[in-house]
Number of protein chains: 2
Amino acid sequence: MTQVRTVDGRIAGRRGQATRARLLECLGELIASTSYRDVTVIDVARQAGTSPATFYQYFPDIQTAVVELANEVLREAAALKDLASEQNWTGRSGGAAAGALVDGFLDFWRQHDAILRVVDLAAAEGDRRFSRIRMKLFNSVVQALTEAITELQRSGKLDAEVHPAATAGALVTMLAASAAHTKAFDSWSVKEGELRSGLTRLVAWGVTGRKPS
Amino acid sequence: MTQVRTVDGRIAGRRGQATRARLLECLGELIASTSYRDVTVIDVARQAGTSPATFYQYFPDIQTAVVELANEVLREAAALKDLASEQNWTGRSGGAAAGALVDGFLDFWRQHDAILRVVDLAAAEGDRRFSRIRMKLFNSVVQALTEAITELQRSGKLDAEVHPAATAGALVTMLAASAAHTKAFDSWSVKEGELRSGLTRLVAWGVTGRKPS
DNA sequence: ACGTACTTGTGTCATACCGTCAGTTTATAT
DNA sequence: ATATAAACTGACGGTATGACACAAGTACGT
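Residues numbered from 1 in each chain as written. Chains lettered and ligands numbered in written order. Predicted model: local features only at pLDDT ≥ 70, side-chain atom pairs only at ≥ 80, totals over all residues. Heavy atoms only, no water.

- Per an unreviewed UniProt entry, chain A is named TetR/AcrR family transcriptional regulator, and its organism is Actinocrinis puniceicyclus.

Description of the protein's contact with DNA strand D
- Taken together, the neighbourhood of DNA strand D is formed by 20 residues, with Thr40 of chain A together with Gly13, Thr19, Thr50 and Tyr58 of chain B sitting nearest.
- The sugar-phosphate share of atoms of DNA strand D within 4 Å of the protein amounts to 74%.
- Side-chain polar atom of Arg15 of chain B to a sugar or linking oxygen of DNA strand D: 3.4 Å apart, as the coordinates give it.
- Among the elements of the structure, helix 1 (14-33), helix 2 (41-47) and helix 3 (52-58) of chain A together with helix 1 (14-33) and helix 3 (52-58) of chain B are those that each provide at least two residues to the surface near DNA strand D.
- With 4 residues, helix 3 of chain B is the single largest residue contributor to the surface near DNA strand D.
- Among the residues making up the surface near DNA strand D, the classes are represented as 8 nonpolar, 8 polar and 4 charged. (Near = heavy atom within 4 Å. Polar contact = N/O pair within 3.5 Å; in protein donor to acceptor, adjacent residues only side chain to side chain. Helix = DSSP H or I, 4+ residues; strand = E, 2+ residues; numbered from the N terminus. Nonpolar A, V, L, I, M, F, W, Y, C, P; charged D, E, K, R; others polar.)

Let's talk about the protein's contact with DNA strand C
- Around DNA strand C, 19 residues are found, and the nearest of them are Arg10, Gly13 and Thr19 of chain A together with Thr40 and Tyr56 of chain B.
- For DNA strand C, the backbone makes up 63% of the atoms found within 4 Å of the protein, where backbone means sugar plus phosphate.
- Within the side chain of Tyr58 of chain A, an N or O atom sits 3.4 Å from a phosphate oxygen of DNA strand C.
- Val41 of chain B places a main-chain nitrogen or oxygen 3.4 Å from a phosphate oxygen of DNA strand C.

Brief notes about the packing of aromatic side chains
- Applying the stated criterion to the full structure yields 17 aromatic pairs over all chains.
- Aromatic ring contacts, followed pair by pair, group Phe105, Phe108, Trp109 and Phe138 of chain A together with Phe185 and Trp188 of chain B into a single cluster.
- Here Arg37 of chain A stacks its cationic end above the ring of Tyr36 of chain B, 5.0 Å away from the centre of that ring. (Phe/Tyr/Trp six-rings, centres within 6.5 Å; stacked < 30°, edge-to-face > 60°. Lys NZ or Arg CZ within 6 Å of the ring centre and 35° of its normal.)

Thoughts on unusual backbone geometry
- The phi angle at Ser189 of chain A is positive, at roughly 60 degrees, despite the residue not being glycine.
- With respect to the secondary-structure elements, Ser189 of chain A resides in the loop between helix 10 (182-187) and helix 11 (192-208).

Notes on the UniProt feature "domain: HTH tetR-type" (unreviewed entry) in chain A
- In the numbering used here, UniProt assigns the "domain: HTH tetR-type" (unreviewed entry) feature to residues 17-77 of chain A.
- Within residues 17-77 of chain A, the helical portion is 75% and the strand portion 0%, while the C-alpha atoms at the span's ends are 23 Å from each other. (UniProt positions renumbered as here; feature names shortened; annotations may be inferred.)

Here's the deal with the relation of the copies chain A and chain B
- After a rotation of 180 degrees and a shift along the axis of 0.0 Å, chain A superposes on chain B with an RMSD of 0.0 Å. A rotation of that kind, with that shift, is consistent with a two-fold axis. When C-alpha positions in chain A are compared against the rotation axis, the closest is assigned to Met174 of chain A, at 2.1 Å.
- A share of 100% of interface residues in chain A that are also interface residues in chain B marks the association as one of identical surfaces. (Least-squares fit on C-alpha atoms with pLDDT ≥ 70 in both. Contact = heavy atoms within 4.5 Å.)

Quick notes on the UniProt feature "DNA-binding region" (unreviewed entry) in chain A
- Feature annotation in UniProt places "DNA-binding region" (unreviewed entry) on residues 40-59 of chain A, given in this structure's numbering.
- End-to-end, the C-alpha atoms of residues 40-59 of chain A are 13 Å apart, and along that stretch the chain is 70% helix and 0% strand.

A look at helix 4 (residues 62-76) of chain B
- Along its 15 residues, helix 4 of chain B runs 22 Å from first to last C-alpha, staying within 8% of the 21 Å computed at 1.5 Å per residue.
- For helix 4 of chain B, the complete set of buried residues consists of Ile62, Gln63, Ala65, Val66, Val67, Leu69, Ala70, Val73 and Leu74 of chain B. (Expected span 1.5 Å × (residues − 1). Buried < 20%, exposed > 50% of the residue type's maximum accessible area, 1.4 Å probe, protein only.)

Side note on the nonpolar core
- With 152 residues, the main nonpolar core has Phe105 and Val203 of chain A together with Phe105 and Val203 of chain B as its most contacted residues.
- Contacts of Val203 of chain B, omitting those with residues within four sequence positions, involve Trp89, Ala98, Leu101, Val102, Leu171, Met174 and Leu175 of chain B. (Core = buried A, V, L, I, M, F, W, Y, C linked by side-chain atoms within 4.5 Å.)

As for the interface of chain A and chain B
- Contacts between the two partners involve 50 residues from chain A, matched on the other side by 50 residues from chain B.
- Summed over both sides, the interface between chain A and chain B buries roughly 4,400 Å², with carbon and sulfur atoms accounting for 66% of that surface.
- Counting across the chain A and chain B interface gives 0 salt bridges.
- Scanning the region where chain A abuts chain B turns up 16 residue pairs in polar contact (both at pLDDT 80 or more).
- Sorting the residues of the side of chain A that touches chain B by element identifies helix 4 (62-76), helix 7 (113-124), helix 8 (128-154), helix 9 (164-180), helix 10 and helix 11 of chain A as the ones contributing at least two each. (Buried area = accessible area lost by both parts, 1.4 Å probe. Salt bridge = Lys/Arg side-chain N within 4 Å of Asp/Glu carboxyl O.)

Side note on the packing of helix 7 (residues 113-124) of chain B against helix 8 (residues 128-154) of chain B
Residue and element names in this part refer to chain B.
- Direction vectors running N to C along helix 7 and helix 8 enclose 120 degrees, while the axes themselves pass 8 Å from each other. Here helix 7 lies oblique to helix 8, going by the angle between them. Between helix 7 and helix 8 lies a crossing whose hand is left-handed. Along its contact with helix 7, which presents Leu116, Val119, Asp120, Ala122 and Ala123, the element helix 8 presents Phe130, Ser131, Ile133, Arg134 and Leu137.
- When its residues are assigned to classes, the contact of helix 7 with helix 8 shows 7 nonpolar, 1 polar and 2 charged. (Axes fitted to C-alpha atoms, helices over the stretch in contact; angles between N-to-C directions. Parallel < 35°, antiparallel > 145°, perpendicular 65-115°, else oblique. Left-handed = near helix turned anticlockwise from the far one by under 90°.)

As structure tokens, this is what we get:
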């Protein structure tokens, strides 16, 4: 962890770090409760009980502060990796592994939906910083799934023509987008549990190429 | 089609409709070329060679104008329906149907990515108008796939425990999100063609429960 | 305890955008 | 040609933005 600095290069002390953290926290709350488009520096400062100038002491603009928030989320996402790597995807335990991955993803997304939404948008708009974060966010899981698929191919249990990374990426993308739009599933009268088991089935088959038991 | 009206309730004539259309067109260009957050009424007006006041004559705010744009996209999306309904999903033609659906989806998304991005965000943030549009956008395809799955179940070719709408919704969500984030696949070194065939395989199996030929 | 050096927070200002109005220009009907 | 309605514009008050100088607070050595 590099040292926390103010915009003009000074090293922030204990109090400064507390203010900075409070600003980030309030920014997170605002993003969650209002439209991303409407979040302004003044709002954040007010919410944190301070002034705009104080905000600009720690962040050059809102975007940068959001990047910071996203990086925090990224750090927490490390836990997702364990759900995908070192798992046994064949047989009965394969279904369990897929189920755990799906649950983990949905829960993680629900927990951080506001920030992840913004990351998604900014990444799609081409902002490099956010693309990087989104990529890293998925990377561990995608890589774990890719390896699992490659391994199954090596042992002859799966067609060689399946492209491991494409399949893994598509599955992870599906999980993320489904988590972000659970409301849409509501409108199709799909209940939470049905969505989870549907996703689980698709993930299990996508990885193994075989009907899950 | 109801008559085009100004904000203060008057019916717009030929010239007015042209200006309105030009404003919408410029809004579309701006959303495509700059960050959604930064698109302002003044920018749109300037781009269209008119004044902000003129914009407010036809739209109460930017959101409403974006809704209008999204509705245009929705109208064009009718073509997607044909790619999913009345298809034969079994056997060799099933793979072709899935491939056509994937291609259609990716192309459609690429063509309208900027607006669809905004629709996605606003829908995720809970804006009813955009949720509705997004839902309708997917609805025809989701329903077609749901029916296909249900039909396969009725004829005993697919496990009864598969939830048709959940599966169809997840697949369509996967297609949309994959299309919106093709750059992410770049970073995983997945080429366009590999993505298409990977998605095709997942869609074909998701619908039929059988390995595509 | 006190003064000094440094960090943190505030008040203020120029600028830019928003949304509205009164009023001018352009089209249409008689 | 004239009346009437539609379309557009310039300008304005109000407000958020972002930058800066300076005041208030804090830690630390003596």
